[in-house]
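Topology and contacts: notes
So the chains spell out like this:
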Amino acid sequence: HAARKELDRAMVAHTDTAVGNGVDAVVEKVCNDELPVHSLERELGDCARAVLVRREWLKRQPGVASAEAVGRVPHEGFDYDAVHGACAEMVFGYIPLPVGVAGPLLLNGKTYQVPLATVEGALIASTRRGCKAITAAGGASAAVLSQGMTRAPVIRFPSAIRAAAFAAWMH
């Protein structure tokens, strides 16, 4: 496909720490609405290159505090292929978070240590106490009924009874 070949020609070798001329050429295409910023991974065929292009595009957008702010978001050494199409869109970097562990948690007859990434003070200690209490009480049982993501409007009702009536009507 001709557009893909043109993009491949525009992307010259680059390093992970500097944006090369080829990336700039693709950024211009994005800024000129010739290439959709949300589909860079698909169009370029390289998630890491898509991140480099998106970072440069983002620096030029209104509403961004500064190009330096974008530059302070880490982007090197991350496996962007692992998140593409799975859990994040329009990726331009990542934020390292402290990871603690809560447990032991006895769940469905098996003991787990549960990793938690957070910057909320006392969350891990509190969760750990809960896990220990559940385990000391004989554990918990759980089952997954379905797995997925939903996107739906939120409707506010004046009472729980009205909400239940609406839910019954929907089903």
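Please refer to the structure placed before this passage.
Everything in this summary refers to the structure shown in the same document. Along each chain, residues carry numbers from 1 onward, in the same order as the chain's sequence is written. Thresholds applied to this predicted model are a pLDDT of at least 70 for local features of residues and 80 or more for the giving and counting of side-chain atom pairs; totals over whole chains, interfaces and linings are not thresholded and use all residues. Water and hydrogen atoms were dropped before computing side-chain values, which therefore reflect all heavy atoms in the structure.

Note on ring pairs: Phe, Tyr and Trp rings are taken, using the six-membered ring of Trp, and paired if centres are within 6.5 Å. Classes follow the plane angle, with under 30 degrees stacked, over 60 edge-to-face and the rest tilted. Taken as a whole and judged by the stated rule, the model has four aromatic pairs. For the pair phenylalanine 78 and tyrosine 94, a centre-to-centre distance of 4.9 Å together with 20 degrees between the ring planes defines the contact as stacked. Of this pair, phenylalanine 78 sits in the loop between α5 (67–71) and α6 (80–83) while tyrosine 94 is found in the loop between α6 and β1 (99–107), placing the two residues 16 residues apart along the sequence. Note on phenylalanine 157 and phenylalanine 166: the rings are 5.2 Å apart at their centroids and 40 degrees apart in plane angle, and the pair reads as tilted. On the basis of relative accessibility, which here comes to 29%, the residue phenylalanine 166 falls in the partly exposed class. Every member of this aromatic cluster is reached through a ring pair, and the members are Phe78, Tyr80 and Tyr94. Runs of H or I in DSSP of at least four residues are treated as helices and runs of E of at least two as strands, each being numbered from the N terminus. Under the scheme applied here, a residue whose accessible area is under 20% of the maximum for its type counts as buried, over 50% as exposed, and between as partly exposed, the area being computed with a 1.4 Å probe on protein chains only.

The next thing to look at is unusual backbone geometry. Here the bond from glycine 103 into proline 104 is cis, since omega is 5 degrees, no more than 30 degrees from zero. Positionally, proline 104 belongs in strand β1. Of note, asparagine 108 is a non-glycine position whose phi angle comes to about 55 degrees, a positive value. Here asparagine 108 shows up in the loop between β1 and β2 (110–117). In this model, alanine 122 sits at a positive phi of 75 degrees, which is unusual for a non-glycine residue. Examined against the element boundaries, alanine 122 turns out to sit in the loop between β2 and α7 (123–136).

All right, on to the pairing of β2 then. Along any regular strand, the residues point their side chains to alternate faces of the sheet. DSSP bridges decide pairing: two strands pair if at least two such bridges lie between them. Across seven bridges, β1 lies against β2 in antiparallel orientation. Bridge assignment links leucine 106 to a residue of β2, and that residue is threonine 111. From the end of β1 to the start of β2, which pair antiparallel, there are two residues, and asparagine 108 there has a positive phi angle of about 55 degrees.

Here we take up α7. In an α-helix there are 3.6 residues to a turn, and that puts residues three or four apart on one side. A helix is expected to reach a length of 1.5 Å times the quantity of its residues less one. Taking 1.5 Å of rise per residue, 14 residues should cover 20 Å, and α7 covers 20 Å from first to last C-alpha, within 8% of that figure. Downstream of α7 by a residue or two, glycine 138 has a phi angle that is positive, lying close to 105 degrees.

A grouping of Ile95, Leu97 and Val119 is seen on the molecular surface, where their side chains present a nonpolar patch of about 320 Å² in accessible area. Turning to its location among the elements, valine 119 is positioned in the loop between β2 and α7. Every patch collects residues that have over 30% relative accessible area and no salt bridge, joining them within 9 Å if they carry like charges and within 5 Å if they are nonpolar side chains (Val, Leu, Ile, Met, Phe, Trp, Tyr). Residue exposure ignores everything except the shown protein chains as possible cover, and the areas themselves are Shrake-Rupley values with a 1.4 Å probe. Definition used for salt bridges: Asp or Glu carboxyl oxygen within 4 Å of a side-chain nitrogen of Lys or Arg.

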